[in-house]
Amino acid sequence: MIFVDPPRWPAHGRLWSHLVSDTSLAELHAFAEALGIPRRGFDRDHYDIPAERYPVAVWLGARPVSSREILAALDRGGLRRRRRRAAE
């Protein structure tokens, strides 16, 4: 299943949502392509999508959830990829 959180993450003068799958990255990439989101929007385990695409994502079938639920979906699917910390 595809999940999307509310657009509340500011960057580049816009608000952004996270789009994830709890099934596979292939499912996520296919959904993002149908949504018109370029592959450069992919970041380790999710896509960043601009606020104006949020309603379209929901219309296409993404389940609206909280940011906390986004993390839970990634964990459930074994798809969460954490950032590596820089060597100290």
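Shown above is the structure to which this text applies.
Note that the structure is predicted; figures quoted are calculated from it, not measured. (Residues numbered from 1 in each chain as written. Predicted model: local features only at pLDDT ≥ 70, side-chain atom pairs only at ≥ 80, totals over all residues. Heavy atoms only, no water.)

**Considering unusual backbone geometry**
Glycine aside, residues mostly have negative phi angles, and peptide bonds mostly take the trans form. One non-glycine residue, His 12, lies in positive phi territory at about 55°. Counting through the fold element by element, His 12 comes out in the loop between β2 (9–11) and β3 (14–21). When its relative accessible area of 77% is taken as the criterion, His 12 is described as exposed. (Helix = DSSP H or I, 4+ residues; strand = E, 2+ residues; numbered from the N terminus. Buried < 20%, exposed > 50% of the residue type's maximum accessible area, 1.4 Å probe, protein only.)

**Side note on the packing of aromatic side chains**
Following the criterion strictly, the structure yields one aromatic pair and no others. With a centroid separation of 5.3 Å and an interplanar angle of 55°, the aromatic rings of Phe 42 and Tyr 47 are classed as tilted. Its relative accessible area of 24% is what places Phe 42 among the partly exposed residues. (Phe/Tyr/Trp six-rings, centres within 6.5 Å; stacked < 30°, edge-to-face > 60°.)

This is a description of form; function is not addressed.
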